[in-house]
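Okay, here's what each chain looks like letter by letter:
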Amino acid sequence: MDLRQLNHFLAVAEELHFGRAAERLGMTQPPLSQSIMALERELGAPLFTRTKRHVALTSFGEQWLAHVRPAVGAIADLAPMARRLREGTAGRLALSFVSSADYSILPSLVRRYSIAFPDVEMTLAEATSDVQIEALVEGRIDAGILIPPASGLPSVIDYRPLLREPLVAAVPEAWVAEGVLHMEQGRLAGESWLDQPLLLFPRHVSPTFHDLVLDHYRAKGRTPHIRQRAIQMQTIISLVSAEMGMALVPASLQNLARTGVRYLPLADAAPVLETGLAWRRADEEPTLRALLRIALKA
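Note that the structure is predicted; figures quoted are calculated from it, not measured.

Draft legend 1. How the structure looks around the overall build of the protein chain. Regarding its fold elements, the protein chain presents 11 helices and 13 strands. Computed over C-alpha atoms, the radius of gyration of the protein chain comes to 32 Å, more than 25% over the 19 Å expected from 2.2 N^0.38 for 298 residues, which places it beyond the range of a compact globule. If you line up the protein chain on its principal axes, its C-alpha atoms span 100 × 40 × 30 Å. Within the span of the protein chain, comprising 298 residues, buried residues form 46% of the whole. Within the protein chain, contacts between residues separated by at least 24 positions form 71% of all contacts whose residues are at least 6 apart in sequence. As presented, the protein chain carries roughly 15,100 Å² of accessible surface, and 53% of it is formed by carbon and sulfur atoms. Averaged over its 31 positive side-chain charges, the protein chain has a centre that lies 6 Å from the centre of its 32 negative ones.

Printed below as a string of structure tokens:
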């Protein structure tokens, strides 16, 4: 059987009249009758009972109709679906992001994309910048929100900055209450804070961010006392809450409220961190291109 025969069957089943079904299909009645009879021979059972004045579905035909109608409908949907896939209004998109983006640019970007393309299946995965770069090169994700390494990205990856923000100090609330830190107008001042235990992440996770913090210490002639290393920003803030040390974090992380943690701007010039969107330069996937239009327009 073929799709033409199935459409013939549907027309007769819905009209219960060969003449009207033939007119609906834009054909004459004899070839329609022959098509139905050929279909019945192939199925090995009658689909209709026929008299000169009456056409009705057999029990077999009625049961088979319940399967044919959605099958033909699904086939009819294939062409529109192909168009939507070409246009990027349907399909899949895999996006990774560094943990700090969860408190800055990620929510807005995901919201705007989801509103514009509600039928695209978006998968989100938190990952460090080094992991994202590897996944992009290998084609395991479509795009990544990451902190670009100072050494540059692989040549197959394109990149656009989305956010530049100063670092602020995340410190234990108890240190502020006990006067451990010198403050001026709500800002961390002086240089005594540079001697406090520092919480930091391993350099391979994000060399740019890691070096930005250490270079700030070096510019002041200090070598930080790194008490603990952790990969995720949420973990670092938890360690601050536990009074294990302080950390320099992106200003947007102030959206991560945590009991026992205070965020303080630096009184002097603060290091500035850049976060942006990366993707494979040669990737023309429509869902990706739609994401780029939304992200770069904003």
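Draft legend 2. Seen up close, the environment of Q234. Within the fold, Q234 resides in helix α10 (residues 233-241). For Q234, a relative accessible area of 18% translates into the label buried. For the pair Q234 and L253, spaced 19 residues apart in sequence, the C-alpha to C-alpha distance is 9.2 Å. Each residue touching Q234, except ones within four places of it in the same chain, is listed here: S99, Y103, E126, L256 and R258.

Draft legend 3. Focus on the packing of aromatic side chains. A complete count under the given rule lists 6 aromatic pairs for this structure. Consider the rings of F9 and F48, whose centres lie 5.7 Å apart with planes at 50°: the pair is tilted. Of this pair, F9 sits in helix α1 (residues 3-15) while F48 sits in strand β1 (residues 48-50), and the two are 39 residues apart along the sequence. We classify F9 as buried; its relative accessible area is 0%. Its relative accessible area of 3% is what places F48 among the buried residues. Ring centres 5.2 Å apart and planes at 50° place the aromatic pair F9 and W64 in the tilted group. Highlighted residues: F9 in helix α1 and W64 in helix α4 (residues 59-76), separated in sequence by 55 residues.

Draft legend 4. Quick peek at the pairing of strand β13 (residues 272-280). Counting buried positions along β13 gives 7 out of 9 residues, so the element sits mostly inside the fold. Sheet topology places strand β5 (residues 143-146) next to β13; 4 bridges connect them, and they run antiparallel. Residue pairing for β13: L146 is matched across the bridge by G276. Strand direction decides the pairing type here: strand β6 (residues 157-172) and β13, joined by 9 bridges, are antiparallel. In the strand pairing of β13, D158 is matched with W279.

Draft legend 5. Examining unusual backbone geometry more closely. Although it is not a glycine, L16 sits at a positive phi angle of roughly 50°. In this fold, L16 is placed in the loop between α1 and α2 (18-25). For L16, a relative accessible area of 37% translates into the label partly exposed. The phi angle at E243 is positive, at roughly 65°, despite the residue not being glycine. Inspection of the secondary structure assignment puts E243 in the loop between α10 and β11 (247-250). The partly exposed category is assigned to E243, whose relative accessible area is 42%.

Draft legend 6. Broad picture of the packing of α1 against α2. It is the contact of α1 with α2, at a shortest axis distance of 8 Å, that shows an interaxial angle of 130°. Relative to α2, the element α1 is oriented oblique. Along this stretch, α1 crosses α2, giving a crossing that reads as right-handed. On the side of α1, the interface is formed by N7, H8, A11, V12, E14 and E15, while α2 contributes F18, R20, A21, R24 and L25. A breakdown of the residues in the contact of α1 with α2 according to their chemical character gives 5 nonpolar, 2 polar and 4 charged.

Draft legend 7. Up close: the nonpolar core. In this structure, W193, L248 and V249 are the most contacted members of the largest nonpolar core, which totals 39 residues. Only β6, α8 (173-177), β9 (198-200), α9 (207-219), α10, β11 and β12 (261-264) provide two or more residues apiece to this core. Judged by nonpolar contacts, the second largest core, of 31 residues, contains F97, A101, A143 and W279.

Draft legend 8. Representation of the side chain of R280 in the model. Looking at the element boundaries, R280 is found in strand β13. Judged by relative accessible area, R280 falls into the buried class, the value being 17%. One polar contact links the side chain of R280 to the main-chain carbonyl oxygen of I141, over a distance of 2.7 Å. Polar side-chain contacts of R280 include one of 2.8 Å to the side chain of D283. What R280 contacts, discounting residues up to four positions off in sequence, is L136, V137, G139, I141, D142, V156, I157 and R289.

Cut-off values and rules
Residues numbered from 1 in each chain as written. Predicted model: local features only at pLDDT ≥ 70, side-chain atom pairs only at ≥ 80, totals over all residues. Heavy atoms only, no water. Helix = DSSP H or I, 4+ residues; strand = E, 2+ residues; numbered from the N terminus. Rg over C-alpha atoms; globule rule 2.2 N^0.38 Å. Buried < 20%, exposed > 50% of the residue type's maximum accessible area, 1.4 Å probe, protein only. Contact = heavy atoms within 4.5 Å. Areas by Shrake-Rupley, 256 points an atom, 1.4 Å probe, with all protein chains shown as cover. Lys, Arg positive; Asp, Glu negative; His and termini not counted. Charge placed at Lys NZ, Arg CZ, Asp CG, Glu CD. Phe/Tyr/Trp six-rings, centres within 6.5 Å; stacked < 30°, edge-to-face > 60°. Pairing = 2+ DSSP bridges. Axes fitted to C-alpha atoms, helices over the stretch in contact; angles between N-to-C directions. Parallel < 35°, antiparallel > 145°, perpendicular 65-115°, else oblique. Left-handed = near helix turned anticlockwise from the far one by under 90°. Nonpolar A, V, L, I, M, F, W, Y, C, P; charged D, E, K, R; others polar. Core = buried A, V, L, I, M, F, W, Y, C linked by side-chain atoms within 4.5 Å. Polar contact = N/O pair within 3.5 Å; in protein donor to acceptor, adjacent residues only side chain to side chain.

Everything listed is a geometric property; what it means functionally is a separate question.
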